[in-house]
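Understanding the architecture of this molecule
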Amino acid sequence: MTHSSEVFRIIDSLDEYGEPTKFSCTVITADLGRDTGGEKMYLHDARLYKNSKAAQKKRAKKQKDSLSIRPNERKNITRNVLLKNGNVIKIHPHLIIRFNGNEVLP
(Lines give C-alpha, C1' and ligand atoms only; values in the text may rest on other atoms or scores of the structure.)
Protein backbone atom coordinates (compact mmCIF):
# COMPACT_ATOMS: atom_id res chain seq x y z
CA MET A 1 0.00 0.00 0.00
CA THR A 2 1.16 3.51 -0.83
CA HIS A 3 0.12 6.72 0.92
CA SER A 4 -1.21 9.57 -1.26
CA SER A 5 1.62 11.89 -0.12
CA GLU A 6 4.12 9.37 -1.51
CA VAL A 7 2.19 9.35 -4.82
CA PHE A 8 2.57 13.15 -5.09
CA ARG A 9 6.27 12.93 -4.22
CA ILE A 10 6.97 10.31 -6.88
CA ILE A 11 4.91 12.02 -9.60
CA ASP A 12 6.71 15.32 -8.98
CA SER A 13 10.21 13.79 -8.78
CA LEU A 14 12.97 13.46 -11.38
CA ASP A 15 14.89 10.34 -12.35
CA GLU A 16 18.70 10.01 -12.48
CA TYR A 17 18.73 11.70 -15.92
CA GLY A 18 16.79 14.76 -14.75
CA GLU A 19 13.61 13.65 -16.50
CA PRO A 20 10.22 13.25 -14.77
CA THR A 21 9.87 9.83 -13.15
CA LYS A 22 7.79 7.24 -15.05
CA PHE A 23 4.87 5.66 -13.25
CA SER A 24 1.80 3.51 -13.84
CA CYS A 25 -1.53 4.08 -12.14
CA THR A 26 -5.27 3.61 -12.15
CA VAL A 27 -7.12 6.89 -11.76
CA ILE A 28 -10.80 7.80 -11.62
CA THR A 29 -11.73 10.39 -14.27
CA ALA A 30 -13.42 13.66 -13.23
CA ASP A 31 -14.42 16.82 -15.08
CA LEU A 32 -16.47 19.03 -12.79
CA GLY A 33 -16.93 21.66 -15.50
CA ARG A 34 -18.71 19.18 -17.75
CA ASP A 35 -20.14 17.08 -14.91
CA THR A 36 -18.60 13.92 -16.38
CA GLY A 37 -16.26 11.21 -15.17
CA GLY A 38 -16.37 8.35 -12.73
CA GLU A 39 -14.63 5.87 -15.02
CA LYS A 40 -11.36 4.07 -14.36
CA MET A 41 -8.43 5.02 -16.58
CA TYR A 42 -5.25 2.94 -16.68
CA LEU A 43 -2.00 4.80 -17.36
CA HIS A 44 1.21 2.89 -18.09
CA ASP A 45 4.68 4.45 -18.41
CA ALA A 46 3.25 7.93 -17.84
CA ARG A 47 5.27 10.87 -16.58
CA LEU A 48 4.63 14.39 -15.37
CA TYR A 49 4.41 16.87 -18.26
CA LYS A 50 6.16 20.16 -17.68
CA ASN A 51 6.20 23.05 -20.13
CA SER A 52 9.67 24.52 -20.24
CA LYS A 53 10.06 28.28 -20.70
CA ALA A 54 12.02 27.65 -23.90
CA ALA A 55 9.15 25.56 -25.29
CA GLN A 56 6.66 28.27 -24.33
CA LYS A 57 8.71 30.93 -26.15
CA LYS A 58 8.96 28.73 -29.24
CA ARG A 59 5.17 28.23 -29.25
CA ALA A 60 4.60 31.98 -28.70
CA LYS A 61 6.63 32.75 -31.84
CA LYS A 62 4.50 30.33 -33.84
CA GLN A 63 1.22 31.59 -32.35
CA LYS A 64 1.72 35.32 -31.85
CA ASP A 65 -1.92 36.00 -31.01
CA SER A 66 -2.26 33.43 -28.23
CA LEU A 67 -0.72 33.19 -24.79
CA SER A 68 0.72 29.99 -23.41
CA ILE A 69 -0.24 29.95 -19.74
CA ARG A 70 0.83 27.15 -17.44
CA PRO A 71 -2.01 25.65 -15.41
CA ASN A 72 -1.87 26.30 -11.71
CA GLU A 73 -1.51 22.63 -10.84
CA ARG A 74 -0.74 23.08 -7.18
CA LYS A 75 -3.78 25.31 -6.55
CA ASN A 76 -6.17 23.06 -8.49
CA ILE A 77 -4.53 19.84 -7.27
CA THR A 78 -4.16 18.50 -10.80
CA ARG A 79 -1.22 17.28 -12.83
CA ASN A 80 -0.66 17.23 -16.57
CA VAL A 81 0.60 13.79 -17.50
CA LEU A 82 2.45 12.80 -20.67
CA LEU A 83 1.33 9.40 -21.91
CA LYS A 84 3.46 6.87 -23.77
CA ASN A 85 1.68 7.72 -27.05
CA GLY A 86 2.58 11.43 -26.72
CA ASN A 87 -0.84 12.67 -25.59
CA VAL A 88 -1.08 14.95 -22.55
CA ILE A 89 -3.99 14.58 -20.14
CA LYS A 90 -4.92 16.22 -16.84
CA ILE A 91 -5.47 14.00 -13.80
CA HIS A 92 -6.40 14.56 -10.17
CA PRO A 93 -3.77 12.71 -8.09
CA HIS A 94 -6.24 12.44 -5.18
CA LEU A 95 -8.33 10.20 -7.45
CA ILE A 96 -5.52 7.68 -8.03
CA ILE A 97 -6.60 4.33 -6.58
CA ARG A 98 -3.58 2.19 -7.63
CA PHE A 99 -0.03 3.44 -8.12
CA ASN A 100 2.85 1.34 -9.44
CA GLY A 101 0.90 -1.81 -8.57
CA ASN A 102 -0.01 -0.78 -5.03
CA GLU A 103 -3.34 0.32 -3.57
CA VAL A 104 -3.31 4.01 -2.55
CA LEU A 105 -4.30 5.06 0.95
CA PRO A 106 -5.85 8.53 1.44
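Relevant structure appears above.
Please read all numbers here as calculations on a predicted model, not as lab measurements.

All right, on to the side chain of Arg-47 then. Among the secondary structure elements, Arg-47 is positioned in strand 3 (residues 36–48). Overall, the relative accessible area of 17% leaves Arg-47 in the buried class. Sequence-distant contacts of Arg-47, that is, excluding residues within four places in its chain, are made with Glu-19, Pro-20, Thr-21, Lys-22, Phe-23, Asn-80, Val-81 and Leu-82.

Spatially, 1-7-6-2-3-4-5 is the arrangement adopted by the seven strands of the open sheet, whose pairing is mixed. Every other strand in the sheet has two partners, leaving strand 1 (2–3) and strand 5 (88–91) as the edge strands with one partner each. Bridge count between strand 3 and strand 4 (residues 79–82): two bridges; the pairing is antiparallel. Opposite Leu-48, over in strand 4, you have Val-81 as the bridge partner.

The next point concerns helix 1 (residues 4–11). The α-helix winds at 3.6 residues per turn, so residues separated by three or four positions along the chain end up facing the same way. All of the buried residues in helix 1 are Ser-4, Val-7, Phe-8, Ile-10 and Ile-11. Buried residues of helix 1, viewed axially, fall in a sector of 165°; they line one side. Residues of helix 1 that are buried make contact with strand 1, strand 2 (22–31), strand 3, strand 4, strand 6 (96–99) and strand 7 (102–105).

Now for the nonpolar core. Residues Ile-11, Phe-23, Leu-43, Ile-96 and Phe-99 are the most contacted members of the largest nonpolar core, which totals 15 residues. Of all the secondary-structure elements, those providing two or more residues to this core are helix 1, strand 2, strand 3 and strand 6. Ignoring any residue separated from it by four or fewer positions in sequence, one finds Leu-43 in contact with Phe-23, Ser-24, Cys-25, Val-27, Leu-83, Ile-89 and Ile-91.

Cut-offs and rules
Residues numbered from 1 in each chain as written. Predicted model: local features only at pLDDT ≥ 70, side-chain atom pairs only at ≥ 80, totals over all residues. Heavy atoms only, no water. Helix = DSSP H or I, 4+ residues; strand = E, 2+ residues; numbered from the N terminus. Buried < 20%, exposed > 50% of the residue type's maximum accessible area, 1.4 Å probe, protein only. Contact = heavy atoms within 4.5 Å. Pairing = 2+ DSSP bridges. Arc of directions from axis to C-beta. Core = buried A, V, L, I, M, F, W, Y, C linked by side-chain atoms within 4.5 Å.

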